[in-house]
There are 2 protein chains.
Amino acid sequence: MDNRPIGIFDSGVGGLTVVKEVMNQLKNESIIYFGDTARVPYGSKSKHTVTKFSAQIIRFLLEQDVKAIIIACNTVNSNCIDELRELFPNVLIEGVVESGVKMAIDATSNNKIGVIGTEATISSGKYPELIKQSLANSEVFVKSCPLFVPLVEEGWLHHEVTRLVAKEYLESLLNKQIDTLILGCTHYPIIQDSLQQVVGEHVKLINPADETARFVGTLLIKHNLQSNNKANYEFFVSDHVRQVQQMAEMFLGYPIHQVKKIEIEKY
Amino acid sequence: MDNRPIGIFDSGVGGLTVVKEVMNQLKNESIIYFGDTARVPYGSKSKHTVTKFSAQIIRFLLEQDVKAIIIACNTVNSNCIDELRELFPNVLIEGVVESGVKMAIDATSNNKIGVIGTEATISSGKYPELIKQSLANSEVFVKSCPLFVPLVEEGWLHHEVTRLVAKEYLESLLNKQIDTLILGCTHYPIIQDSLQQVVGEHVKLINPADETARFVGTLLIKHNLQSNNKANYEFFVSDHVRQVQQMAEMFLGYPIHQVKKIEIEKY
């Protein structure tokens, strides 16, 4: 038993979709969330910069005495999870990418899998690499979709513009007859309905957060780290508290009242 | 005479539209440009964070021995130019906002002026404040347009989606019968054609960069700081060199080959 919290972080608010799944599935687990709203987005930035920012966040989370860390950001996960595990060998670090891969492999029938994400996630090549390791005869087709995050943050979830953008981005993947599409960015589940309309019912959409929460639950049991206490949730950001409070409802399903701001550059 | 360079900075690549005007109008002036591509965008961030990032950039530019600084970023300009002038009293600091205001006042016939920009620029209230100081009986209508920057950076300059987004954003301003619209973000001149189609020929679009370059030219003469040398241009960023090289053509009209990366957080 270990009643310390799990640390979950993202470049901004998107990681709250992962928080939501962890809350749902691991009801006793306390969570400390950090969103790097002063430096968001990471998706257009270099591996060097993303690694540096993430290491600062992990130092902050370790100072809060977390027992495990979930990288709720595909960009960080696909660019530098190995480097971060090397830098911080004494804490469990899990991400969303491996869970997304596992779900997609279970879901596909024709072994044609699509992956969408930020520019940095797609150019890292991490998803295709992991999918091919587990399913050698698969074909993986990728597409970066830089407009989806600003569309979600604008709240245009069911807007004609969002469907038009999705059509343009997803056309090349649909032409390849994919039957499974990994939502490789934590913002994308928020526009899942619009995306499903565009790809049609025969394409399965994969939200890695679901399996991530399940996998972390298994890990906690395996290492005897699960909590038997009442869960407590704390939210930290590096900028605007109000903005995150407003967005929380969309990502988490309910508003957050207590959000604290810290100076992440000091870590 | 003073052959030292002018420092020009922006949160990213948008400020290159200002560089272009300075190059055109002040042909002997050398330029050192800095784009904060590791922490872009500023438009959704708080005044505190934008001020801190900008002060770091000015320290870097002063280390390069610039004789004057142009803030080629409406967000910085409208949130903290006064604070920055107080922090750095020994260097001329000029921005784009006052020039935009001057142009709009000259251009309007019915005294109904629209302003579009990032969330942080619009919520600062700086444009309306300055317009009303000079033209008391004017009416100013504002609208933040957070999707324009990502649309420009995606290169969708003449895309149906861009026009649809513009229609939605600008409808409320057009309903107020504005005859002049300030493009209060350095990215927006890049989609000027699409915006003009949406607002119609009777609405004048104001690109503050034009007057900014003219005004800085006058200031240099007034303070006897103008250069009589051949101009030299240097470009610095805080992340991805390649990305800026690719985007330069769109903003500047020609590619940049030499871009240097620095660690801006050290300043």
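Please refer to the structure placed before this passage.
Everything quoted here is computed from the prediction, not taken from an experiment.

**Q** Got a minute to help me understand the overall build of chain A in this structure?
**A** A tally of regular secondary structure across chain A gives 11 helices and 10 strands. Rg of the C-alpha trace for chain A: 18 Å, near the compact-globule value of 18 Å for 267 residues, within the 12% margin. Dimensions of chain A, computed from C-alpha atoms along their principal axes, come out at roughly 50 × 40 × 35 Å. Among the 267 residues that make up chain A, the fraction classed as buried is 62%. Contacts spanning at least 24 positions in sequence make up 77% of the contacts within chain A whose residues lie at least 6 apart. Carbon together with sulfur atoms contributes 48% to the accessible area of chain A, which is approximately 10,500 Å² in total. Between the averaged position of the 26 positive side-chain charges in chain A and that of its 31 negative side-chain charges there is a distance of 1 Å.

**Q** Explain helix H11 (residues 241-252) of chain B here, please?
**A** The α-helix advances 3.6 residues per turn, and as a result positions three or four apart in sequence lie on the same side. The end-to-end C-alpha distance of H11 of chain B, which contains 12 residues, comes to 16 Å, matching closely the 16 Å that a straight helix rising 1.5 Å per residue would cover. Turning to H11 of chain B, its buried residues are Gln 243, Val 244, Met 247, Ala 248, Phe 251 and Leu 252 of chain B. Looking straight down H11 of chain B, one finds its buried side chains confined to an arc of 140 degrees; they lie on one side. For H11 of chain B, the exposed residues set more than 90 degrees away from the buried face come down to Arg 242 and Gln 246 of chain B. Against helix H5 (119-124) of chain A together with helix H1 (16-25), helix H7 (148-153), strand S9 (233-237) and strand S10 (259-261) of chain B lie the buried residues of H11 of chain B. At the exit of H11 of chain B stands Gly 253 of chain B, carrying a positive phi of roughly 95 degrees.

**Q** Where do I start with the relation of the copies chain A and chain B in this structure?
**A** One copy of the chain maps onto the second through a rotation around an axis plus a translation along that axis. If you rotate chain A by 180 degrees and push it 0.0 Å along the axis, it lands on chain B with an RMSD of 0.0 Å. As the rotation angle and translation indicate, the two copies are arranged about a two-fold axis. Measuring from the rotation axis to each C-alpha of chain A, the shortest distance belongs to Arg 39 of chain A, at 2.5 Å.

**Q** I would appreciate a short explanation of the environment of Leu 183 of chain A in the present structure.
**A** Residues and elements named next belong to chain A. With respect to the secondary-structure elements, Leu 183 resides in strand S7 (residues 180-184). With 97 residues separating them in the primary sequence, Leu 183 and Glu 86 have C-alpha atoms 27 Å apart. Ignoring any residue separated from it by four or fewer positions in sequence, one finds Leu 183 in contact with Ile 116, Tyr 188, Pro 189, Gln 192, Leu 195, Leu 205, Ile 206 and Pro 208.

**Q** Could you clarify how one ought to interpret the nonpolar core in this entry?
**A** Considering soluble globular proteins, one finds that nonpolar side chains tend to be buried as a cluster. One finds Phe 148 of chain A together with Phe 148 of chain B to be the most contacted residues of the largest nonpolar core, which totals 114 residues. With 7 residues, the single largest contributor to this core is helix H8 (residues 160-175) of chain B. Each residue touching Phe 148 of chain A, except ones within four places of it in the same chain, is listed here: Ile 116, Val 165, Ala 166, Tyr 169, Tyr 188, Ile 191 and Leu 195 of chain A.

**Q** Mind showing me how you'd approach the sheet that holds strand S5 (residues 112-117) of chain B here?
**A** Two pairing modes exist for strands in a sheet, parallel and antiparallel, and in both the strands are linked by backbone hydrogen bonds. All names here are of chain B. Strand order in this open sheet of 4 strands is S6-S5-S7-S8, and the pairing throughout is parallel. Edge positions in the open sheet fall to strand S6 (139-144) and strand S8 (204-206), since each of these has one partner strand only. Strand-to-strand twist of the sheet, defined as the mean angle between neighbouring strand axes without regard to direction, takes the value 20 degrees. Inspection of the sheet shows strand S7 (residues 180-184) paired to S8 by 3 bridges, in the parallel sense. In the sheet register, Ile 182 faces S8, and the bridge partner there is Ile 206. The strands touched by helix H6 (residues 126-134) are S5, S6 and S7; relative to S6, the strand with the most contacts, the crossing angle is about 165 degrees. The sheet contacts of H8 involve S5, S6 and S7, and relative to S6 the element is tilted by about 170 degrees.

What counts, and at which threshold
- Residues numbered from 1 in each chain as written.
- Chains lettered and ligands numbered in written order.
- Predicted model: local features only at pLDDT ≥ 70, side-chain atom pairs only at ≥ 80, totals over all residues.
- Heavy atoms only, no water.
- Helix = DSSP H or I, 4+ residues; strand = E, 2+ residues; numbered from the N terminus.
- Rg over C-alpha atoms; globule rule 2.2 N^0.38 Å.
- Buried < 20%, exposed > 50% of the residue type's maximum accessible area, 1.4 Å probe, protein only.
- Contact = heavy atoms within 4.5 Å.
- Areas by Shrake-Rupley, 256 points an atom, 1.4 Å probe, with all protein chains shown as cover.
- Lys, Arg positive; Asp, Glu negative; His and termini not counted.
- Charge placed at Lys NZ, Arg CZ, Asp CG, Glu CD.
- Expected span 1.5 Å × (residues − 1).
- Arc of directions from axis to C-beta.
- Least-squares fit on C-alpha atoms with pLDDT ≥ 70 in both.
- Core = buried A, V, L, I, M, F, W, Y, C linked by side-chain atoms within 4.5 Å.
- Pairing = 2+ DSSP bridges.
- Axes fitted to C-alpha atoms, helices over the stretch in contact; angles between N-to-C directions.

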